[in-house]
Amino acid sequence: MAEQEVPERHASWLELFFDLIIVVAVAQLAHVLHPSPGHPIGLSDAGLFIVLYYAVWSVWTSFTLYANVAGERTRRQSMLIAMFGIAVMAAAIPEAAGDRARAFAIAYVACRVLATRTWSRTGTFLGAWPAAQYGAGLTPWLISIWVPAPGRYWLWGFGVAADIVISYLQSRDPEQQLAELRDEAHRQRMRASLRGRVPRRIVLPAGARLNIPHLGERLGLFVIIVLGEAGPAVLVPVLLAVFGGGLAAWWIVVGLLAVAYWQVNYPTVMRRLGRPE
C-alpha cells in the first residue's frame, strides 16, 4: 500500500448515519446473550453471538474502508442500500437462531455482494484487508439459506473462518495479490481478442490509498459509540446473570473493557497500515 498524502477530511453525515445503523444492530445482539429463567447462556449462544457480530462488523468494515478510499466519490445510493440491508440484519438478530435465520443470511450475503460491486468501481485493491472488498467466505452463507438448523450455523461459522483466514493469508503479500489481479485483467483482455470480440475497457487495479486520519477517526467513533451505547446492553445482562454483583461494579468492568479494546485494536491497526500510532 503506497504511502501517499491524501486530503484530510472528517466523517460525513452519511458515514455517521451508517454508524448509527450499526449501533442498532449491535444493540440487537443483546438478545442473543440475554439469559432467561429457562434458557441459561451456553456455548452455542456465545458462538452464535460471535458469528453474528462478525457478520455485522464485516459489513461495517467493508463500507467504512470503501468510503475512506472513495472519499468524495462515495456512492450514496450504495451506502443507503447497505444501511437498509443492515437494518434487515438487525431486525432478524433476535430470532437468528430460529425463524429469521434465513432473512439474516440473505441480507448479509446481499450486503457483502453489494460491497464487492461497489469496491470494483474504485479500481483499487486493499491489500491490508482483502475481505473488505472480496467475499471469500460467502459461499457457505449462500448455501445455508437452503440448509436447516443446526447445519446452517456450522456453515455460518465455516464462512466466518474462511473469510478471516483467506484474507489474512492474502494480506501477507499484497504486492503479489495486486500483480495477480493485473495479470488476470490482461488475460481477460487477451481472451476477448482471441474470440474476435472488442476488448471491453478493463481498468488495471491500483493500490488503495487510505486516508489514515479519517480512518482513525472512524475507528475511534465506532469504539466509543458501539461500546458506549450498545456494549452495556450486551455485556451487563450477561455479567449480572453469570457472576451476580452490583450494577455499578459491572459498569466499571465495561469501562475497563472499552479501554482495553481501544489499546489493543487501535495501535494494531495503525501499525498494520504502516503509520506511527
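In every chain, residue numbers begin from 1 and rise along the written sequence. Restriction of local features to residues with pLDDT of at least 70 applies here, the model being predicted, together with a cutoff of 80 or more for giving and counting side-chain atom pairs; totals for whole chains, interfaces and linings are based on all residues. Each side-chain value is derived from all of the structure's non-hydrogen atoms; neither hydrogens nor water enter the calculation.

**Student:** Explanation requested: the overall build of the protein in the structure shown.
**Tutor:** Counting from the N terminus, the helices are DSSP H or I runs at least four residues long and the strands are E runs at least two residues long. Of regular secondary structure, the protein possesses 9 helices and 2 strands. Put simply, the protein runs from its N terminus to its C terminus through helices and strands in the order α-α-α-α-β-α-α-α-β-α-α. Split into buried and exposed, the 277 residues of the protein put 43% on the buried side. What makes two residues a contact is simply this: any of their non-hydrogen atoms within 4.5 Å. Taking as baseline every contact in the protein between residues at least 6 positions apart, the subset at least 24 positions apart corresponds to 72%. Here, Shrake-Rupley sampling with a 1.4 Å probe gives the accessible areas, and only protein chains in the shown set may cover a residue. Of the roughly 14,900 Å² of accessible surface on the protein, a fraction of 64% belongs to carbon and sulfur atoms. Burial status follows relative accessibility: with a 1.4 Å probe on protein chains alone, a residue under 20% of its type maximum counts as buried, one over 50% as exposed, and anything between as partly exposed.

**Student:** How do you make sense of helix α2 (residues 43–70) when you look at a structure like this?
**Tutor:** What sets the pattern is the α-helix's 3.6 residues per turn: residues three or four places apart point alike. Taking 1.5 Å per residue as the helical rise, α2 with its 28 residues ought to reach 40 Å, and the 40 Å between its terminal C-alpha atoms agrees with that figure. In terms of residue burial, α2 counts as a mostly covered element, since 21 of its 28 residues are buried. Positive backbone phi, approximately 60 degrees, marks Gly71, located one or two places after α2. To estimate how far a helix should extend, the number of its residues minus one is multiplied by 1.5 Å.

**Student:** Help me understand a nonpolar patch on the surface, please; the structure alone is not making it clear to me.
**Tutor:** On the surface, Ile164, Val165, Tyr168 and Leu169 cluster together into a nonpolar patch covering about 360 Å² of accessible area. Along the chain, Ile164 turns up in helix α6 (residues 151–171). A patch consists of residues exposed above 30% relative accessible area that lack any salt bridge, with like charges linked at up to 9 Å and nonpolar side chains (Val, Leu, Ile, Met, Phe, Trp, Tyr) linked at up to 5 Å. By convention in these notes, a salt bridge is any Lys or Arg side-chain nitrogen within 4 Å of a carboxyl oxygen on Asp or Glu.

**Student:** Teacher, can you tell me more about the confidence of the model for the protein here?
**Tutor:** Low pLDDT marks regions whose predicted coordinates should not be analysed in detail. Taken as a whole, the protein shows an average pLDDT of 75; of its residues, 62% reach a score of 70 or greater. The secondary structure element of the protein with the lowest average pLDDT is helix α9 (residues 247–272), at 53, and the one with the highest is helix α5 (residues 138–144), at 94. Confidence of the predictor at the level of single residues is captured by pLDDT, which takes values from 0 to 100.

**Student:** I tried to follow helix α1 (residues 13–28) on my own but got confused; where do I start?
**Tutor:** Compared with an ideal rise of 1.5 Å per residue, which puts 16 residues at 22 Å, α1 spans 23 Å between its outermost C-alpha atoms and is within 8% of the ideal. Among the residues making up α1, those that are buried are Leu14, Glu15, Phe18, Asp19, Ile21, Ile22, Val23, Ala25 and Val26.

**Student:** Honestly, the packing of helix α3 (residues 76–92) against helix α4 (residues 101–120) in this entry has me stumped. Any pointers?
**Tutor:** Fitting a line to C-alpha atoms yields each axis, with helices limited to the stretch in contact; the angle taken between N-to-C directions then spans 0 to 180 degrees. Contact pair α3 / α4: the axes reach a minimum separation of 8 Å and the direction vectors enclose 160 degrees. As summarised for this structure, α3 and α4 are arranged roughly antiparallel, according to the angle between their axes. As for how α3 packs across α4, the hand of that crossing is left-handed. Counting all contacts with α3, which are made through Ser78, Ile81, Ala82, Gly85, Ile86, Val88, Met89 and Ala92, the residues of α4 involved are Ala103, Phe104, Ala107, Tyr108, Cys111, Leu114 and Thr118. Any residue outside Ala, Val, Leu, Ile, Met, Phe, Trp, Tyr, Cys, Pro, Asp, Glu, Lys and Arg is labelled polar, Gly included; the first ten of those are nonpolar and the last four are charged. Taken together, the residues of the contact of α3 with α4 sort by class into 12 nonpolar, 3 polar and no charged. Here the angle decides the label: under 35 degrees means roughly parallel, over 145 means roughly antiparallel, 65 to 115 means roughly perpendicular, and every other value means oblique. Throughout, a crossing is termed right-handed when the near helix is turned clockwise from the far one, and left-handed when it is turned anticlockwise from it by less than a right angle.

**Student:** Is there a simple way to think about the nonpolar core in this case?
**Tutor:** Where a protein is soluble and globular, its nonpolar side chains tend to be buried together. By nonpolar core is meant a set of buried Ala, Val, Leu, Ile, Met, Phe, Trp, Tyr and Cys residues that side-chain atoms within 4.5 Å join together. Among the nonpolar cores identified, the biggest contains 58 residues, and Phe18, Leu52, Met89, Phe104, Trp141 and Trp156 are the most heavily contacted of them. Listing elements by their share of this core, those giving two or more residues are α1, α2, α3, α4, α5, α6 and α8 (212–243). Residue contributions to this core peak at 15 residues, all from α2. With residues up to four places along the chain from it excluded, the contact list for Phe18 reads Val59, Trp60, Phe63, Met79, Ala82, Met83 and Ile86.

**Student:** Honestly, the pattern of salt bridges in this entry has me stumped. Any pointers?
**Tutor:** Side-chain pairs of opposite charge can arise whenever the charged atoms involved come near each other. Within this structure, the stated rule accounts for 3 salt bridges. The closest approach of N and O atoms between Arg218 and Glu15, which form a salt bridge, is 3.2 Å. Highlighted residues: Arg218 in helix α8 and Glu15 in helix α1, separated in sequence by 203 residues. Both residues of the pair, Arg218 and Glu15, belong to the buried class. In this structure, Asp163 engages Arg112 in a salt bridge whose closest nitrogen and oxygen atoms are separated by 3.1 Å. Pair noted here: Asp163 is in helix α6 and Arg112 is in helix α4, with a separation of 51 residues, a long-range link. Assigned by exposure class, Asp163 and Arg112 land together as buried. Connected through salt bridges with shared partners, the residues Glu15, Asp19 and Arg218 form a single ionic network.

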